[in-house]
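Geometric and topological summary
What follows is each chain in one-letter form.
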Amino acid sequence: MTLTSRRNFIKSAGLLTAATALVNPFDLFAQTKRRSALKGGSKKMVLSFRPYDAQMRHVFTIANSSRTTTPIVLTEIEWDGMVGYGEAAMPPYLGETQNSVMDFLKKVDLSKFSSPFQIQDIMAYVDSLSINNTAAKAAVDIALHDLVGKIMEQPWWKIWGFNPETTPNTSFTVGLDTEEVVVEKTKEAAPYKVIKVKLGRDEKTDKMMVNTIRSVTDTIICVDANQGWKDKHYALDMIHWLNERNVNMIEQPMPKLLLDESAWVTENSPLPVIADEACQRLTDIPKLKGAYHGINIKLMKCTGMREAREMISLAKALHMRLMIGCMTETSCAISAAAQLAPETEWADLDGNLLISNDVFKGMLIVDGKITLNELPGIGIAKL
Ligand code: MG
């Protein structure tokens, strides 16, 4: 029997398992092509998107602003009958809006790429379309990773070889508010092992927030000052005060441009000092070495999972500590970020818990801990 006639025989007999032995078992793309031949879907990647308003469970207040909704754009990339889901979430301070994201996405032409496996080339092209628009770029990157993981039938934490046991506990954010509401929100945070508190207004308000939480619980607190402390001596005094109250880290105590002052605070701080606003992308990391103990990676700041994975490697090479964070997002972007959580020391992935109209179910918090599932791609299913 010739090879061709043997293939025809196997095909007609429907012996797909036997057919697998005829191709290189390590050639995932060949296997995918074989699966697609059976499905008959379009081989062109099609990107689609729609605006979505995430409703906040509580009015959300940080140092400079308050809001009740967060604008989101949901994306899908379809290829060969399979769909990957993505999302751009835009808190006002990032400078992106639903319109700016959709204007950007209209420019993205994926038809020039023959396969979704070309993640590096595709994302380099997407990144080249504008200087900013990091959330819009992340919406493409996340959908692409979801799609590729689904084609490979594996979740990304597994593709990357991460250990799902090493995920940290996530913090649960208690925003600035009146004492009564803070007591209420702190009680709501009872299932979580870490409470994140947003400080950075004035000394009286900041201490009220921490004292009010401490009147309800001894749970570990991580503090985010969102650049709110303008003087390095004041920042250090606050950090010492917080260090006596079971606080385990401090995020962005001072304005992001005050690098020398931040370095002085970091050098003298009894607590780890982490860069958030100061660290958006991979190229920001080298200059932050010495000015902060570590960085907070967020997919919406850094254009998505591809660059976030690279940021982890670079930060580790520079002996910097790692946190993974989020905006107010649905379970789509949260579950995408969770794929990277095994490599981080701290996680702040509660964005989906702060909204009342989630679109997906995905990564779960079990006993306070980020718990990854076996679903392929970014690990989500539509609600
Ligand atoms: Mg922050």
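Figured I'd write up the structure that's included with this text.

Here is what the cut-offs are and how they apply
Residues numbered from 1 in each chain as written. Predicted model: local features only at pLDDT ≥ 70, side-chain atom pairs only at ≥ 80, totals over all residues. Heavy atoms only, no water. Donors = N, O, S within 2.8 Å, 3.2 Å for Na, K, Ca; no water. Helix = DSSP H or I, 4+ residues; strand = E, 2+ residues; numbered from the N terminus. Buried < 20%, exposed > 50% of the residue type's maximum accessible area, 1.4 Å probe, protein only. Pairing = 2+ DSSP bridges. Expected span 1.5 Å × (residues − 1). Contact = heavy atoms within 4.5 Å. Polar contact = N/O pair within 3.5 Å; in protein donor to acceptor, adjacent residues only side chain to side chain. Phe/Tyr/Trp six-rings, centres within 6.5 Å; stacked < 30°, edge-to-face > 60°. Lys NZ or Arg CZ within 6 Å of the ring centre and 35° of its normal. Right-handed = clockwise from strand over helix to strand, strands pointing away.

Brief notes about the coordination of the magnesium ion
- Every protein donor of the magnesium ion is listed here as Asp224 (OD), Glu251 (OE) and Asp276 (OD), and their distances to the metal cover 2.1 Å.
- Coordination of the magnesium ion draws on donor residues from a single chain, spaced D-x26-E-x24-D in sequence. One end of the pair, Glu251, is in strand β7 (residues 247–251); the other, Asp276, is in the loop between β8 (273–275) and α12 (285–288), with 25 residues separating them in the sequence.
- Given a relative accessible area of 2%, Asp276 falls into the buried group.

Considering the pairing of strand β10 (residues 321–325)
- Taken across its 5 residues, β10 has 4 buried, putting it largely inside the fold.
- As paired elements, strand β9 (residues 294–298) and β10 share 5 bridges and run parallel to each other. Bridge pairing links Gly294 to Arg321 in β10.

Remarks on helix α10 (residues 232–243)
- Here α10 contains 12 residues, and its C-alpha end-to-end distance of 16 Å stays within 8% of the 16 Å for a straight helix at 1.5 Å per residue.
- Buried residues of α10: Ala235, Leu236, Met238, Ile239, Trp241 and Leu242, and no others.
- For α10, the secondary structure elements touched by its buried residues are α9 (203–214), β6 (220–224), β7 and α11 (259–268).
- Two or three places before His233, at the opening of α10, Asp231 has a side-chain oxygen 3.0 Å from that residue's backbone nitrogen.

Focus: the packing of aromatic side chains
- Overall, the coordinates contain 6 aromatic pairs when judged by the stated rule.
- Judged by centre distance (5.2 Å) and plane angle (50 degrees), the rings of Trp156 and Trp160 are tilted.
- Residue classification places Trp156 among the buried residues on the basis of a relative accessible area of 7%.
- Here the aromatic rings of Trp160 and Phe162 are separated by 5.5 Å at their centres, their planes lie at 35 degrees, and the arrangement is tilted.
- Through a chain of ring-to-ring contacts, the aromatic side chains of Trp156, Trp160 and Phe162 assemble into a single cluster.
- Positioned above the aromatic ring of Trp264, the side-chain terminus of Lys232 is 4.8 Å from the ring centre.

Some words on the pairing of β6
- Counted residue by residue, β6 has 4 buried out of 5 residues, so it is predominantly covered.
- Direction of pairing for strand β5 (residues 194–198) relative to β6: parallel, over a ladder of 5 bridges. Along β6, the bridge assignment pairs Val197 with Val223.
- In the classification by handedness, the crossover that spans β5, the intervening α9 and the parallel β6 is right-handed.
- For β6 and β7, the ladder comprises 4 bridges, and the chain directions are parallel. Considered in β7, the bridge of Cys222 is made with Met249.
- Chirality of the crossover, the property in question, places the unit of β6, α10 and β7 among those that are right-handed.

All quantities given are derived from atomic positions and should not be read as evidence of function.
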